[in-house]
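Letter by letter, the chains look like this.
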Amino acid sequence: MKNLRTFSLLAVLFFVGCGSWKRCAYEDFGGRDDWQNTEQVIAALEIRPGDRVADLGAGGGYFTFRLADAVGPKGMVYAVDVDDDMIEYLNERVAEEGHANVRVVRGEFADPLLPDGQIDLLFTSNTYHHIEDRVAYFKGVRRDLRPGGRVAVLELNDREWFPRTFGHYTAEDVIVQEMTEAGYQLDKSLDLTERQSFTIFVSE
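Computed from a prediction, not measured in an experiment: that's the story for all the values here.

Asks: Help me out: how do you make sense of the overall build of the chain in this one?
Replies: Each helix and strand counted, the chain has nine helices and seven strands in total. Considering the chain as a whole, with its 204 residues, one finds that 50% of them fall into the buried category. Taking the contacts inside the chain whose residues are at least 6 apart along the sequence as the reference set, 71% of them involve residues at least 24 apart.

Asks: Is there a simple way to explain the side chain of T193 in this structure?
Replies: By the element assignment, T193 lies in the loop between β6 (184-190) and β7 (196-203). Its relative accessible area of 4% is what places T193 among the buried residues. Polar side-chain contacts of T193 include one of 3.0 Å to the side chain of Q196. What T193 contacts, discounting residues up to four positions off in sequence, is W35, Q36, N37 and V41.

Asks: Hey, could you run me through a negative patch on the surface in this one?
Replies: Judged by side-chain charge, D85, E88, E92 and E96 come together as a negatively charged surface patch. Since its relative accessible area comes to 46%, E88 is described here as partly exposed.

Asks: Just to check I follow, could you spell out the pairing of strand β3 (residues 102-106) for this structure?
Replies: A regular strand places its side chains on the two faces of the sheet in alternate fashion. Judged from the five bridges that link them, strand β2 (residues 76-81) and β3 form a sheet pairing that is parallel. Paired with Y78 across the two strands is R103, which belongs to β3. For the crossover that starts at β2, traverses helix α6 (residues 84-97) and ends in the parallel β3, the hand is right-handed.

Asks: Can you help me understand the sheet that holds strand β4 (residues 119-125) in this one?
Replies: Adjacent strands of a sheet form backbone hydrogen bonds with each other and so pair up, either parallel or antiparallel. Taken in spatial order, the seven strands of this open sheet run β3-β2-β1-β4-β5-β7-β6, and their pairing is mixed. The open sheet has two free edges, formed respectively by β3 and β6, since each of these has just one partner strand. When the angles between neighbouring strand axes are averaged without regard to direction, this sheet yields 20°. By the bridge criterion, seven bridges tie strand β5 (residues 145-156) to β7 in an arrangement that is antiparallel. Bridge pairing in β7 links E155 to S197. Lying over the sheet, helix α5 (residues 64-71) contacts β1 (52-56), β2, β3 and β4, oriented at roughly 160° with respect to β2. Sitting on the sheet, helix α7 (residues 134-141) touches β1, β4, β5 and β6, and the angle it makes with β5 is about 145°.

Asks: Got a minute to help me understand the environment of R143 in this structure?
Replies: Looking at where R143 falls in the secondary structure, it is placed in the loop between α7 and β5. In sequence terms R143 and I119 are 24 residues apart; their C-alpha atoms lie 9.2 Å from each other. With sequence-adjacent residues up to four places away left out, R143 is seen in contact with D111, D116 and G117. In this structure the side chain of R143 is engaged in a polar contact, spanning 2.9 Å, whose partner is the side chain of D111.

Asks: Which parts of the structure should I look at to understand the pattern of salt bridges?
Replies: As enumerated under the stated definition, the model contains eight salt bridges in all. Between D84 and R106 there is a salt bridge whose closest N-O contact spans 3.0 Å. With D84 in helix α6 and R106 in strand β3, the pair connects residues that are 22 residues apart, well separated along the chain. Under the relative-accessibility criterion, R106 is labelled partly exposed at 39%. The salt bridge partner of R93 is E97, with a shortest N-O separation of 2.9 Å. Residue R93 and its partner E97 are located together in helix α6, separated by four residues, close to a single helical turn.

Asks: Can you walk me through helix α9 (residues 172-181) in this structure?
Replies: What sets the pattern is the α-helix's 3.6 residues per turn: residues three or four places apart point alike. Of all the positions in α9, only I175, E178 and M179 are classed as buried. Down the axis, α9 shows its buried residues gathered within 95° of arc, on one side only. The secondary structure elements touched by the buried residues of α9 are α7, β5, β6 and β7.

Conventions we followed
- Residues numbered from 1 in each chain as written.
- Predicted model: local features only at pLDDT ≥ 70, side-chain atom pairs only at ≥ 80, totals over all residues.
- Heavy atoms only, no water.
- Helix = DSSP H or I, 4+ residues; strand = E, 2+ residues; numbered from the N terminus.
- Buried < 20%, exposed > 50% of the residue type's maximum accessible area, 1.4 Å probe, protein only.
- Contact = heavy atoms within 4.5 Å.
- Polar contact = N/O pair within 3.5 Å; in protein donor to acceptor, adjacent residues only side chain to side chain.
- Patch = residues over 30% accessible without salt bridge, like charges linked within 9 Å, V, L, I, M, F, W, Y side chains within 5 Å.
- Areas by Shrake-Rupley, 256 points an atom, 1.4 Å probe, with all protein chains shown as cover.
- Salt bridge = Lys/Arg side-chain N within 4 Å of Asp/Glu carboxyl O.
- Lys, Arg positive; Asp, Glu negative; His and termini not counted.
- Charge placed at Lys NZ, Arg CZ, Asp CG, Glu CD.
- Pairing = 2+ DSSP bridges.
- Right-handed = clockwise from strand over helix to strand, strands pointing away.
- Axes fitted to C-alpha atoms, helices over the stretch in contact; angles between N-to-C directions.
- Arc of directions from axis to C-beta.

Put into structure tokens, the structure is as follows:
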């Protein structure tokens, strides 16, 4: 039944179109609000008011604006993406909804272009598999983190047919190995969503 629903949604997108796959993901593509356990994910990040958080691969802002609520008015969320359509969409939302604590960043494929030494937490959801040289990339991210800064990777696994068929996932043991090579220590491995692994790392 789940596969049929997903196939039907894909067919609709193919014939009708949707500005971007990422935008569709924000608009509850595939019933995301039902399976994401979003509140538990945000709570597990242990964000403090005033924190500076980067949402890497922000897409349409599914997590961005929830993170903005968590950091509060004295904090800041950097919504990073490399897709110009999503950058435009995020900027529209920020302006229309009055999110003074969200800054949209047009990152590069090899560098998120975050302020050096300012980030308490870098969070990324379903983006890890898109990064090419992940060890080098996250080595570079270390300069953006404050001392004791963390990286949280919420990544698709291979339990569903779509990521398994199209390679849109990364196994948890691969994530841990690569992040360790990049200079991070595994802090937590959480089992909050059936479709994703969830690992949190601390910069060594």
